[in-house]
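Overview (structure and organization)
Now for the letters of each chain:
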Amino acid sequence: MNDPRAGTPRLPQPRPASEPLTSEAVLADDRLIDDVRSGRRGVDDPDPLVRLLSAWRSARRRHRRRPRVGILQCGRRV
C-alpha cells in the first residue's frame, strides 16, 4: 500500500462490494450514528466501533467549546 520510494503514502483502491448494499444495512448504520449522537451508546459500550465514534464525538465537542477569536457574536467583535 505504501511505497517507500515514493515518499508519500498511497490510498488503497476501492473494491467493489461482493454483495449489493441493502437498505437494512443503511438503516442500521443510521441507527448506530443516532445512538452515538444522542448518548444512548457511549465510551463504555462493548463495541469498539461505538467506543471510537463516542471518543471522537466527545473530542470534537470539546474542541468546539473554545471561544473563537475575531468572529462576530451578537453584533460584537469577540
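So, here's what we can say about the structure.

Calculation rules
Residues numbered from 1 in each chain as written. Predicted model: local features only at pLDDT ≥ 70, side-chain atom pairs only at ≥ 80, totals over all residues. Heavy atoms only, no water. Salt bridge = Lys/Arg side-chain N within 4 Å of Asp/Glu carboxyl O. Helix = DSSP H or I, 4+ residues; strand = E, 2+ residues; numbered from the N terminus. Buried < 20%, exposed > 50% of the residue type's maximum accessible area, 1.4 Å probe, protein only. Polar contact = N/O pair within 3.5 Å; in protein donor to acceptor, adjacent residues only side chain to side chain. Contact = heavy atoms within 4.5 Å.

As for the pattern of salt bridges
A complete count under the given rule lists four salt bridges for this structure. R37 is the partner of D34 in a salt bridge, and the nearest nitrogen-oxygen pair spans 3.8 Å. In this pair, D34 and R37 are both assigned in helix 1 (residues 23-38), three residues apart and thus about one turn of the helix distant. When its relative accessible area of 39% is taken as the criterion, D34 is described as partly exposed. The exposure class of R37 is exposed, given its relative accessible area of 52%. The partner of R41 in a salt bridge is D47, and the shortest N-O contact between them spans 4.0 Å. A relative accessible area of 25% places R41 in the partly exposed class. You can call D47 partly exposed: its relative accessible area is 29%.

Here's the deal with the side chain of D45
Structurally, D45 is set in the loop between helix 1 and helix 2 (48-64). Using a relative accessible area of 13% as the deciding quantity, one classes D45 as buried. A distance of 3.2 Å separates polar atoms of two side chains, one belonging to D45 and the other to R41. Discounting residues that sit within four places of it in the chain, D45 has contacts with V50 and R51.

Comments concerning the side chain of S54
Among the secondary structure elements, S54 is positioned in helix 2. For S54, a relative accessible area of 9% corresponds to the buried category. Ignoring anything within four residues of it in the chain, the contact list for S54 reads V36, R41, G42 and V43.

Keep in mind these values describe shape, not function.
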